[in-house]
Amino acid sequence: MNISDNYMPVILDTILADTIVGCDLYIQNFVNGEIRYILYCNGTNTIRSEKIEELQKHKIEMLFIHKEDQNKYLKYVESSLKNIIRDNRINIIEKAQVVYQVAKNIILDVFSDPRSGIHVYRAKNLVEATIDMIITNKNASLAIINILSFDYYTYSHSVNVAILGLLFSKYLGIKFEELNVLGTGLLFHDIGKTQIESEIINKKEKLNEKEFTRIKMHVELGANILTKVRDIGDVSLFPVRQHHEKCNGKGYPNRLQGDDIHKFGKIASIIDVYDALTTRRSYADAKKPFSALNIMKNEMEGSFDDELFTKFILFLGQ
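In this text, all values refer to a predicted model and were calculated from it rather than measured experimentally. (Residues numbered from 1 in each chain as written. Predicted model: local features only at pLDDT ≥ 70, side-chain atom pairs only at ≥ 80, totals over all residues. Heavy atoms only, no water.)

(A) Layout of the pairing of strand β1 (residues 7-11). Summarising burial for β1: four of the five residues are buried, a large majority. Relative to strand β6 (residues 62-66), β1 runs antiparallel, the two sharing five bridges. Residue pairing in the sheet places Pro9 in a bridge with Phe64 of β6. (Buried < 20%, exposed > 50% of the residue type's maximum accessible area, 1.4 Å probe, protein only. Helix = DSSP H or I, 4+ residues; strand = E, 2+ residues; numbered from the N terminus. Pairing = 2+ DSSP bridges.)

So, in structure tokens, the structure goes:
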């Protein structure tokens, strides 16, 4: 294995002066035509402002860490995410990549311990930071959509739904305070799947009737988890409870119809299906956006709120 396969780049501007990163930082160098990684700062030491200024002086924009230290780095970045988002030296593509990686890291922790108030608090801070990025950067939508994962995993799907749902909701003109509440619900919309047997969640073949009945329980299981967690308001539960309801009354768990479904539930339903169709599964290739929308319009007629679905098409058309 090439030694460079053991390292990954991190953006220098995500490292704040006079902080302890928690993992070793390396500089990439070329010696006799070969790549070498030279230890620049030990993970237990404070990286001083003069060291960062020295790197900037020599036009070094990337440092490197061991791939096995990615989780430590992401925890460090998470603690200063809002500063990174407001840093004009970091371009929007890099900000979007950092936010997306941090989001996946948080949701993995949420899914490993769904009842942890600490992880919920981290997730709510993430939603706030993401909204900040969306509102303060006019080019955020394209940058973020371009880095969404195209492989379907429950955790990456949850992040995709939250981010895409927030972008769409901003397009709809939903206010900042409501975006926070909605974004939290979208991020947690599938948290109930943590209570479903992994062999059902990961099954490649079509689910039988018993298995499908079981997986449908994730909606109420998720709502039950979140009602017992502090700082999750009732409005945040609408995307959790209603993302499988359909406007024609053929959804689950309560077969709600039309305006009996909250607006946040309707938004969650559209985004949930669209992301599921446009990400690659073990048993199905990802659909192109046009094909996915065509399926939603023609094969799922009556499932979605007509006005919101039309606006979603216009939103994607941007």
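(B) A look at helix α11 (residues 218-227). Of all the positions in α11, only His218, Val219, Gly222, Ala223, Ile225 and Leu226 are classed as buried. Take α11 and look down its axis: the buried residues cluster within an arc of 160 degrees, on one side only. Against the buried residues of α11 lie α10 (209-215) and α12 (237-242). (Arc of directions from axis to C-beta. Contact = heavy atoms within 4.5 Å.)

(C) View of helix α8 (residues 176-187). With 12 residues, α8 extends 16 Å from end C-alpha to end C-alpha; this agrees with the ideal 16 Å at 1.5 Å per step. The complete set of buried residues in α8 reads Leu179, Asn180, Leu182, Gly183, Thr184, Gly185, Leu186 and Leu187. On the buried face of α8, the contacting elements are α4 (92-112), α5 (117-136), α7 (154-172), α12 and α13 (263-278). (Expected span 1.5 Å × (residues − 1).)

(D) Up close: the environment of Ile270. With respect to the helices and strands, Ile270 occurs in helix α13. According to the relative accessible area criterion, Ile270 is buried, its value standing at 0%. Apart from the residues within four sequence positions on either side, Ile270 is in contact with Met296, Phe304, Leu308, Phe309 and Phe312.

(E) Spotlight on the packing of α7 against α8. Close contact between α7 and α8 brings their axes to 8 Å; oriented N to C, the two are set at 155 degrees. Compared by their axis directions, α7 and α8 come out roughly antiparallel. Considering how the two elements wind past one another, α7 and α8 form a crossing that is right-handed. Seen from α7, the contacting residues are Ser158, Val159, Val161, Ala162, Gly165, Leu166, Ser169 and Lys170; seen from α8, they are Leu179, Leu182, Gly183, Leu186 and Leu187. The residue inventory of the contact of α7 with α8, partitioned by class, reads eight nonpolar, four polar and one charged. (Axes fitted to C-alpha atoms, helices over the stretch in contact; angles between N-to-C directions. Parallel < 35°, antiparallel > 145°, perpendicular 65-115°, else oblique. Left-handed = near helix turned anticlockwise from the far one by under 90°. Nonpolar A, V, L, I, M, F, W, Y, C, P; charged D, E, K, R; others polar.)

(F) Fine view of unusual backbone geometry. Of note, the bond from Tyr252 into Pro253 is cis; its omega dihedral lies within 30 degrees of zero at 10 degrees. Within the secondary structure layout, Pro253 lies in the loop between α12 and α13. Non-glycine residue Asn32 carries a positive phi angle of around 50 degrees. What makes Asn32 exposed here is its relative accessible area of 78%. Positive phi values are uncommon outside glycine, yet Lys59 reaches one of about 60 degrees. Here Lys59 shows up in the loop between α1 (49-57) and β6.

Just distances and angles here, no functional claims.
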